[in-house]
Structure formats: C-alpha cells, structure tokens
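The primary structure of each chain is shown beneath.
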Amino acid sequence: MTADIPTILATSAGFQRGRRGNFDILPGRIHHFAAELANATKAPKICVLTQATGDPDARIGAFYSAFAGTRFTMSHLQLFPMPNIDDIRGHLLAQDVVWVDGGSVANLCAVWRVHGLDEILHEAWQAGVVMSGSSAGSICWHQGGTTDSFGLRLRGFTDGLGWLPYSNGVHYDGEGERRPKMHELIGDGTLSDGYATDDGAGLVFRGTSLEEVVADREGPSGYELKRAADGSVTETVLPARILPEYPN
C-alpha cells in the first residue's frame, strides 16, 4: 500500500523510550501514523536510513530491536562503508515508509547525492512511499534549516533536497538557540519562510502543501515563520492534533 498522493512527515518526534538504556525503545506514535499515511495499517514495511550518523551498527541494531515483535517489517539501507542492498531503487519502491534518522543533515544530503539516492527517494516519494524522519530526517526534505552539522554553534544549512520549498526548524522548544536562530536566518534572508516543530510534533505535507500538524503527546506545537519587508519575522502557532495510542 502507498499514500494517495506524495506525502512527507517531517518531525521532531521519534521512538517510545523506556528506562533501560538505548536499546529499550519501541515504535512511537509517529511511526504508526506514518504507516497510516501510507495506507499500510496491518503489516507496514519501513526502511530506516541512518546516514546522518554514518550508519553505526549499534544504532541500526537498536532500531531492529525496537521493531522486533511489532506489526512492522523493518529493513535498513546503509551506505557506509558500501551499500548493503544491490537493488536500492527496487527495495525503496517496495516500502510503505522510509524513516530517516537524525544526525548531520549536511553529511546526510551530501552522501545521498554521491550515491544518487536523492533521485531514487524522489521517485519513491512520487510513487506514494511516505518519506519521514526526525531532526536531520526532517530538515533534509526542505530547502534548509538550522543545524549543528558544522559545530556546536547552530548555523544555517541551505543545501537540502528542496522538495518542500520552505525552511525547517527542529527541536524548537528543546534547544534554546533554535528559535532565535531561525528568526535570525529567516530575517536576514539566509533561509526562506518556513515551519518549525517542538519536540514531539510533526508536519504532514501532501504534495508540497502543509495539511496538518500532529504530536505524540499534549503540549508540542508547530509554527509558521514568515519574513516581513522590514526583516522582522512573524511566528504563528499551529496547534497540533494529538495522535492516538497505537498497538505495537
């Protein structure tokens, strides 16, 4: 099953975490919702991409642990040190959901382009495979956003895939520098007008239009950011629909 129209779920949300360390995770509400967007509610196929952190085995293993025993069938595509799948195009087109993990969005987009993965992912998106992800996996679909890809100090990133003609701000309430940096970069014209998400919130784009904001709990919101002629930035709160609990 696939989405009825090209769909992107760009989020600052992720897995449901337990108290027993990095491997104590389960699919979050956001993953179940991504499957719902793909019309794949019974046995969704999800492929996880972890190039933003260099495809570390431990991280990939944690995701397999999270999805084990759930209704999801997980696979992964790694590019370090080489692709683990011969027919990348065929594999991705056979998925319901592609989930892109966080990390360095600058490295992520660069590596994808070297391998031609940007073109394959675009084809899959157009074919109805739901593109989704958190943090770097949210910014990548846009023109750009704020990033710590180049160091601890946030900077502007303007080399995203650009399928969505907006800027994107993640962790808007979770990291103190994120909101003022988005305002600064949109205000001075480095970034285009765009959207942002609190931790736990996600933006649903049908085609290139924002359809709704969702959240995995009470509290998180989305935001629309627009630059005025004088360089000031108007921030409009976009209330989120709270996602229901889903059985794993």
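These notes cover the structure that comes with them. (Residues numbered from 1 in each chain as written. Predicted model: local features only at pLDDT ≥ 70, side-chain atom pairs only at ≥ 80, totals over all residues. Heavy atoms only, no water.)

## Overview of the sheet that holds strand 12 (residues 201–206)
Hydrogen bonds between backbone groups are what pair the strands of a sheet, and the pairing can be parallel or antiparallel.
Move 1: Strand order in the open sheet formed by eight strands is 5-4-6-7-1-12-13-16, with mixed pairing between adjacent strands. The outermost strands of the open sheet, each flanked by one partner alone, are strand 5 (73–77) and strand 16 (241–242).
Move 2: Across four bridges, strand 1 (residues 7–11) lies against strand 7 (residues 130–134) in parallel orientation. Bridging across to strand 7, Ala10 finds its partner in Gly133. (Pairing = 2+ DSSP bridges. Helix = DSSP H or I, 4+ residues; strand = E, 2+ residues; numbered from the N terminus.)

## Thoughts on the pairing of strand 10 (residues 164–169)
Move 1: Of all six residues making up strand 10, five are buried, and the element is well covered by its neighbours.
Move 2: Sheet analysis places strand 8 (residues 142–147) next to strand 10, joined by three bridges and oriented parallel. Bridge pairing links His142 to Leu164 in strand 10.
Move 3: Bridging between strand 10 and strand 11 (residues 194–197) involves three bridges; their strand directions are parallel. Following the sheet pairing, Gly169 is matched in strand 11 by Ala196.
Move 4: The β-α-β motif built from strand 10, the intervening helix 7 (residues 178–187) and the parallel element strand 11 has right-handed crossover chirality. (Buried < 20%, exposed > 50% of the residue type's maximum accessible area, 1.4 Å probe, protein only. Right-handed = clockwise from strand over helix to strand, strands pointing away.)

## Brief notes about helix 4 (residues 105–114)
Move 1: For helix 4, the full list of buried residues reads Val105, Ala106, Leu108, Cys109, Val111 and Trp112.
Move 2: Elements that come into contact with the buried residues of helix 4 comprise strand 4 (45–49), strand 6 (97–100), helix 5 (117–126), helix 6 (136–139), strand 8 and strand 9 (155–157).
Move 3: Taken from the residues just after helix 4, Gly116 is the one with a positive phi, measuring 70 degrees. (Contact = heavy atoms within 4.5 Å.)

## Considering unusual backbone geometry
Move 1: Each neighbour pair has its own omega, and for Phe80 with Pro81 the value is -5 degrees, a cis peptide bond.
Move 2: Positive phi values are uncommon outside glycine, yet Asp55 reaches one of about 55 degrees.
Move 3: Its location among the elements puts Asp55 in the loop between strand 4 and helix 2 (57–67).
Move 4: On the basis of relative accessible area, Asp55 is assigned to the buried category, the value being 4%.
Move 5: Positive phi, normally seen in glycine, also occurs at His171, with a value near 50 degrees.
Move 6: Mapping His171 onto the fold places it in the loop between strand 10 and helix 7.
Move 7: The exposure class of His171 is buried, given its relative accessible area of 15%.

## Quick look at the layout of surface pockets
Move 1: Of the volumes computed, that of the largest pocket is approximately 230 Å³.
Move 2: Gly14, Arg17, Arg59, Asp101 and Ser134 are the residues nearest the centre of the largest pocket, which is lined by 14 residues in total.
Move 3: Mapped by element, the contributors of at least two residues to the lining of the largest pocket are helix 2 and strand 6.
Move 4: Residues that form the lining of the largest pocket fall into these classes: five nonpolar, six polar and three charged. (1 Å grid on protein atoms, 1.4 Å probe; cavity = no way out; pocket = protein on both sides within 12 Å on 5 of 7 lines; lining within 4 Å. Points joined across faces, edges and corners; volume = space filled by probe spheres on them. Nonpolar A, V, L, I, M, F, W, Y, C, P; charged D, E, K, R; others polar.)

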